[in-house]
Amino acid sequence: MTIESPGEFWKDYELVDSGNFEKLERFGRYYMSRPEPKALWDKTLSEGEWDRMIHTKFKAGAGFGKAGKEDSGTWERLRKMDDQWAIRYNGEQKGLDFSLRLGLTAFKHVGVFPEQAPNWEYIFRKTRELAVTAKEKGQAPPKVLNLFAYTGAASLAAKAAGADVTHLDSVRQVVTWARNNMEISGLDNIRWIIEDAMKFARREAKRGNVYQGIILDPPAYGHGPDGEKWKLDECLFDLLKCVNSILAPVDSFLVLNLYSNGYSAVLGETLVKQAFCLKTACKEIECGELILKDRFNKNLPLSIFVRMSR
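Throughout what follows, the structure given in this document is the object of discussion. Values in this document were obtained by computation on a predicted structure and should not be read as measured data.

A look at the pattern of salt bridges
Okay, step 1: The tally for this structure, following the rule as stated, stands at 20 salt bridges.
Okay, step 2: One salt bridge in this structure joins Lys231 and Glu234, with 3.9 Å as the shortest N-O distance.
Okay, step 3: Exposure remark for Lys231: the relative accessible area of 33% places this residue in the partly exposed category.
Okay, step 4: Each of Glu4, Glu286 and Arg307 takes part in a single network of salt bridges with overlapping partners.

What about the state of the cysteines?
Okay, step 1: Within this structure, the stated rule accounts for one disulfide.
Okay, step 2: A disulfide bridge connects Cys277 with Cys282, and the sulfur atoms are separated by 2.0 Å. The sign of the S-S torsion, about -100°, decides the handedness of the disulfide formed by Cys277 and Cys282: left-handed.
Okay, step 3: Judged by its relative accessible area of 23%, Cys282 is partly exposed.
Okay, step 4: Cys242 takes part in no disulfide bond, and the closest cysteine sulfur to it belongs to Cys235, at a distance of 12 Å.
Okay, step 5: Free of any disulfide, Cys287 has its nearest cysteine sulfur in Cys277, 12 Å distant.

Topic: empty space enclosed by the protein
Okay, step 1: Across all of its chains, the model carries one cavity of 30 Å³ or more by this definition.
Okay, step 2: Of the voids in this model, the largest cavity is the one considered here, and its volume is about 210 Å³.
Okay, step 3: Lining the largest cavity are 19 residues; nearest its centre among them are Gln116, Trp120, Ala149, Ala154 and Asp217.
Okay, step 4: At the level of elements, helix H2 (117–136), helix H3 (153–160) and strand E15 (253–258) are the ones that each hand at least two residues to the lining of the largest cavity.
Okay, step 5: A total of three residues in the lining of the largest cavity trace back to one element, the largest contributor, which is H2.

Regarding the environment of Tyr30
Okay, step 1: Here Tyr30 is to be found in strand E4 (residues 30–35).
Okay, step 2: Looking at Tyr30, the relative accessible area reads 6%, which means it is buried.
Okay, step 3: A sequence separation of 51 residues divides Tyr30 from Met81, and the C-alpha atoms of the two residues are 7.4 Å apart.
Okay, step 4: Those residues within four positions of Tyr30 in sequence are excluded, and the remaining contacts are Glu25, His55, Lys80, Met81, Asp82 and Trp85.
Okay, step 5: Within polar-contact distance, the side chain of Tyr30 engages the side chain of Arg29 at 3.2 Å.

Some details on the side chain of Ser99
Okay, step 1: Its place among the elements puts Ser99 in strand E8 (residues 97–103).
Okay, step 2: Here the side chain of Ser99 touches Arg88 through a polar contact of 2.5 Å, side chain to side chain.
Okay, step 3: Setting aside residues no more than four positions away along its own chain, Ser99 makes contact with Ile87, Arg88, Leu156, Asn181, Ile184 and Ser185.

Quick notes on the rules
- Residues numbered from 1 in each chain as written.
- Predicted model: local features only at pLDDT ≥ 70, side-chain atom pairs only at ≥ 80, totals over all residues.
- Heavy atoms only, no water.
- Salt bridge = Lys/Arg side-chain N within 4 Å of Asp/Glu carboxyl O.
- Buried < 20%, exposed > 50% of the residue type's maximum accessible area, 1.4 Å probe, protein only.
- Disulfide = S-S within 2.5 Å.
- 1 Å grid on protein atoms, 1.4 Å probe; cavity = no way out; pocket = protein on both sides within 12 Å on 5 of 7 lines; lining within 4 Å.
- Points joined across faces, edges and corners; volume = space filled by probe spheres on them.
- Helix = DSSP H or I, 4+ residues; strand = E, 2+ residues; numbered from the N terminus.
- Contact = heavy atoms within 4.5 Å.
- Polar contact = N/O pair within 3.5 Å; in protein donor to acceptor, adjacent residues only side chain to side chain.

The following block contains the structure:
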């Protein structure tokens, strides 16, 4: 099991400080504070130092802490800032660079989960390897499916590496946001799907379609465009088994990311082994935690990952 965090080469993002159930972050030129239930320790900087830095602060609403509404609230602006702005991700690997439009949403999020950067690096590396091999053999580019794809950073990483990318999310506004990220990154030809992830995977299996890369970042709770209910504990293993049927049996990879507080890397690894490796050999499986490290070397754990290749 490994612990991974964004590299210091990413200049447009920084976790400045964390503690007292909050985190202080910099996205480009703007500083903000947001609730963070995993920051159980004390802040290193004083409240006054936080207040002097931040442009905006998220205040939790009445639904905070309730399933499906745990991130609802409003932003209090303390200094002048744009409603929307863009940051750049310049990856460790040559060719891995894209732009992300950010904005203040009613659900605490701003359009990117920075701790996911190590997954972007992995997706780019594995996709590029498959793309190079396909080109040498005169084959079509590798197909990569991004489920629960949000604003599309992982989709952009796969596209930058030469993949034929399908981006799926159940929320139309989020897909529109992701399309804008593609455009400002100078990329094109991503396939956009507004659909329930389970329905789409089952339909692809019936059609006999397969992908060389599949990325899953499911929420704890969610709804499809037609009101389909998603509850991670009840649906995850069935989804993984379905996804197994559309992942190529050789020369392919899977990335699973989980945010649920009750999930461990070992549990995620076991799920992937049981869903993907009983009948088809898995060449490599790695699991661990994705963290953010603040200026004072406090490690803030935010999600667990499992990566598997065939």
